[in-house]
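Read off the chains here:
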Amino acid sequence: MTAVDPVAPVALGRVRGRVLRKLWHNPLGVVGGVLLLIVIVAGVFAPWLAPYPPSQVHFTTPFQQPFTVGFALGTDDLGRDVLSRVLHGTRASLEVGVLSVLLAVVVGVPLGLLAGYWRWLDAVVSRLADVMLAFPFLIVAVGLAAINGGGIGNAAIALGIANIPTMIRVVRAETLRLKESDFVLAAHTMDAGAGRILGGHVLPNALSAIIVQATVIMPSAVLGEAILSFLGLGIQPPDPSLGIMLSDAQQYLFRTVWPGVFPGIAIALICLGFNLFGDALRDALDPKTSHREGR
Amino acid sequence: MTEPLLEVTDLQVSFGDVPAVRGAGLRLMPGERVAVVGASGSGKSTTAHAVMGLLPGAGRVTGGRISFRGEDITHAGEKRLCALRGRQIGLVPQDPMSNLNPVARIGRQVAETLVAHGLASRREAKDRAVEILAEAGLPDPGRRARQYPHEFSGGMRQRVLIAIGLACRPDLLIADEPTSALDVTVQRQILDHLEKLTQDLGTALLLVTHDLGLAADRADHVVVMSEGKVVEAGPARQILTAPDHDYTKRLVAAAPSLTTTPPRDRRTAEPVLEVVGVSKEYRIRGGGGALRAADDVSFTVQRGQTTAIVGESGSGKTTTAHMVLGLVTPTAGTIRLNGTDGTRRGRRRAMQAVFQDPYGSLDPMFTVERLITEPLRIFGIGDRASRRARVSQLLDQVGLSPAMAQRYPNELSGGQRQRVAIARALAPEPRLVVCDEAVSALDVLVQDQILRLLENLQRELGLSYLFISHDLAVVRSIAHDVVVMRGGRVVEQGPVGQVLDSPADPYTRQLLDAIPGATVFS
């Protein structure tokens, strides 16, 4: 019994290697990845990169132009260093983003799995998600933040909760699809329980969709944090936040635009980085574009 | 000697840097019928598409010459090809389900071809379309032309596609696996019809198929392709009866023809599985009433033997298999699996399944080792070390190298995957293995290997199989007993020799007659 198939096995490489290779070949993905790297380094190492503490005021030198000696990006109305505040604000944005994505994943994924697997539960979970989705994402976040009060933690919770329904939908749809697959049918014939099927088969196969959805939630959470802080419902002054910087700069817009331009650019770069990278990741993970070698 | 209608010489086609066709040649005289036969990946479809200038994506002709009526169309522009396609070269595509526009009426889709080639004005085209549909053998074509594709069965849709392919009276019709998505009896009708039409119109036919028997039945000449090259070409009879090339010889030998009937010893008469009077009703949504997917089905599987359930789509064979596996609860009747403790878990341990699609039935995120040990882990058999040893043993039994244990399914070929699926089914030492169309998705040579493997395993391990298939030829080569199903009912059952050699029921006879190549081989 040493029969050999006439078709030699096609060495496609491991899934991870293929995804990385495809990402690398997508120019937009590479741009997004580089942006993301810059943003993350800036956020993580903000305390070491920033030349001043973010809240240190210099009353003698307000409204400095960018590229002034000592203040690379100028100063704001209180003479605070804009570069230091942008770096710390980026850090705060990423913190809120990561926390709210975690919340959406931790709550949304199990609910999505259960709703996709059991029909009777689906009716309850999906209707609740529908009700939440009936309100615009920001209204929900603003409402929750208003109830809970300001602060970085509450902002993250509000944004996380507002993003749970979309995560439920994505995971539920994946579960519905995978539930009908032959390998789940095979698992049934082996008497595998619901836990084994959901945890062992459905979740690992839904992981790529979950990761992609996380990269979609992330920029919207970053944007949401900026908006909440702008409205005074997120991070509270004097803690630095890109949204607060915009709100402060707005009052002095007629004197100088620069304190508003740089946080704006930072927000745009963070969102652009995540969106480009997320798009490229989705393309790389899409099985429809990955079977070309199999021809 | 007249000029050949189509001549392909030393054709080379690549997808990106990957060569798909490496030197294909064929020649088609006016009115002649030529079949291109090969396994999947042999480049047969690519060759056909290259002729029509319809290579998908990154496909490019990198060498050779295609000439149509003496005109070199290898690198012809899109405009010239458009004029040729449909008008002089017609195409019947493979999948009747996805090749008709679901939101356009059938009549309009036929008329469109005529209008596009300027053969009729919009108004004339409408009447002409009805004529063409009538010619295609559609009953009540006037009414049918106003219907939508979803109101047509698969066979009817394929008739429509043939009608569209022939609407402009082309000189050459390319049929790419025109019937592989259809049941055998429908396949036969369609092919008879295609043959008659092309004969009446004097159209040359280029038939692309994986089925050697079908090719021999329907074509004057057969061209055998393997790995992008033409390995043998000649008159159909000669290729089948006196193949020259090694590959063709293997292909002919592997074809599950009707002449090979290995003697079956029937040692024991100890039933492993007894199915008595099982029915399954599905309530039809909205309309009331019920659909009887299975109606009073009874059969047994003897120990160490194979019982096959044969039927076309909708015959209830898969429903029956799912009831046996406990995936569907029967409405009535009993299913007894002997030698188990009667619990669901015990039944499922004693009964394992191998499914049709080796690409779908293995979790892509699992390694081969994890796939095979899954049932062992579920049933709590052995510890880590003993399971690992069992994996090596099982891989060896199914003819795979133990080094494969750390591979992922996407690194394996179709046949290798099906071997892994069999190893997984054997892991908990079942008494009964349910093979649901287990070899239907495989190429002929691989199919033959898997059938031999199943046979050897049965002999060595005393396994019993419940073998679900639509292919009578395959059934003949593996089964001891046959159950023929139609519309949820058993129409005939008995020992394989008796049922297939002297069928009592007309439907069984019809199924047997429909097997392509039966006449050539016998």
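Residues numbered from 1 in each chain as written. Chains lettered and ligands numbered in written order. Predicted model: local features only at pLDDT ≥ 70, side-chain atom pairs only at ≥ 80, totals over all residues. Heavy atoms only, no water.

- For chain B, an unreviewed UniProt entry supplies the name Dipeptide transport ATP-binding protein DppD and the organism Kibdelosporangium persicum.
- A UniProt comment under Sequence similarities (unreviewed entry) is attached to chain B, and it reads "Belongs to the ABC transporter superfamily." (UniProt positions renumbered as here; feature names shortened; annotations may be inferred.)

- The name given to chain A in an unreviewed UniProt entry is Binding-protein-dependent transport systems inner membrane component, with the source organism recorded as Kibdelosporangium persicum.
- Listed under Subcellular location (unreviewed entry) in UniProt, the entry text for chain A is "Cell membrane".
- The record in UniProt for chain A states the following under Sequence similarities (unreviewed entry): "Belongs to the binding-protein-dependent transport system permease family."

1. A closer look at the overall build of chain A
Reasoning step 1: On a plain count of helices and strands, chain A comes out with eleven helices and zero strands.
Reasoning step 2: Listing the helices and strands of chain A from first to last along the sequence gives α-α-α-α-α-α-α-α-α-α-α.
Reasoning step 3: Summarising its shape, the C-alpha atoms of chain A cover approximately 85 × 45 × 25 Å along the three principal directions.
Reasoning step 4: Here chain A holds 295 residues, and the buried ones make up 45% of them.
Reasoning step 5: When contacts within chain A are restricted to residue pairs at least 6 apart in sequence, those whose partners lie at least 24 apart make up 70%.
Reasoning step 6: In the form shown here, chain A has an accessible surface area of approximately 14300 Å², with 70% of it arising from carbon and sulfur atoms.
Reasoning step 7: Here chain A holds 20 positive side-chain charges and 18 negative ones, and the gap between their average locations is 6 Å. (Helix = DSSP H or I, 4+ residues; strand = E, 2+ residues; numbered from the N terminus. Buried < 20%, exposed > 50% of the residue type's maximum accessible area, 1.4 Å probe, protein only. Contact = heavy atoms within 4.5 Å. Areas by Shrake-Rupley, 256 points an atom, 1.4 Å probe, with all protein chains shown as cover. Lys, Arg positive; Asp, Glu negative; His and termini not counted. Charge placed at Lys NZ, Arg CZ, Asp CG, Glu CD.)

2. Things to note about the UniProt feature "transmembrane region" (unreviewed entry) in chain A
Reasoning step 1: Feature annotation in UniProt assigns "transmembrane region" (unreviewed entry) to the following positions: residues 28-50, 96-116, 128-146, 152-171, 206-236 and 256-278 of chain A.
Reasoning step 2: This span, residues 256-278 of chain A, is 91% helix and 0% strand, and a straight line between its end C-alpha atoms measures 35 Å.

3. Considering the interface of chain B and chain A
Reasoning step 1: Taken residue by residue, the interface counts 46 residues in chain B and 28 residues in chain A.
Reasoning step 2: Both faces considered, chain B and chain A share a buried interface measuring about 3200 Å² in area, 55% of it formed by carbon and sulfur atoms.
Reasoning step 3: The three residues of chain B that bury the most area against chain A are Ile-378, Asn-410 and Glu-411 of chain B, which together make up 16% of that side's buried surface.
Reasoning step 4: On the surface where chain B and chain A come into contact, there are three salt bridges.
Reasoning step 5: Salt-bridge contacts for Asp-191 of chain A lead to Arg-348 of chain B; the nearest nitrogen and oxygen are separated by 3.1 Å.
Reasoning step 6: For the interface between chain B and chain A, the tally reads eight residue pairs in polar contact (both at pLDDT 80 or more).
Reasoning step 7: Of all the elements, helix α16 (residues 444-461) of chain B adds the most residues to the side of chain B that touches chain A, at six residues.
Reasoning step 8: Looking at side-chain class alone, the side of chain B that touches chain A contains 18 nonpolar, 13 polar and 15 charged residues. (Buried area = accessible area lost by both parts, 1.4 Å probe. Salt bridge = Lys/Arg side-chain N within 4 Å of Asp/Glu carboxyl O. Polar contact = N/O pair within 3.5 Å; in protein donor to acceptor, adjacent residues only side chain to side chain. Nonpolar A, V, L, I, M, F, W, Y, C, P; charged D, E, K, R; others polar.)

4. Observations concerning helix α3 (residues 106-116) of chain B
Residues and elements named next belong to chain B.
Reasoning step 1: Among all positions of α3, only Ile-106, Gly-107, Gln-109, Val-110, Ala-111, Thr-113 and Leu-114 are buried.
Reasoning step 2: Looking at the packing, one finds that the buried side of α3 touches α4 (122-135), α5 (141-144) and α6 (154-166).
Reasoning step 3: Positive phi appears at Gly-118, one or two residues downstream of α3, with a value of about 65°.

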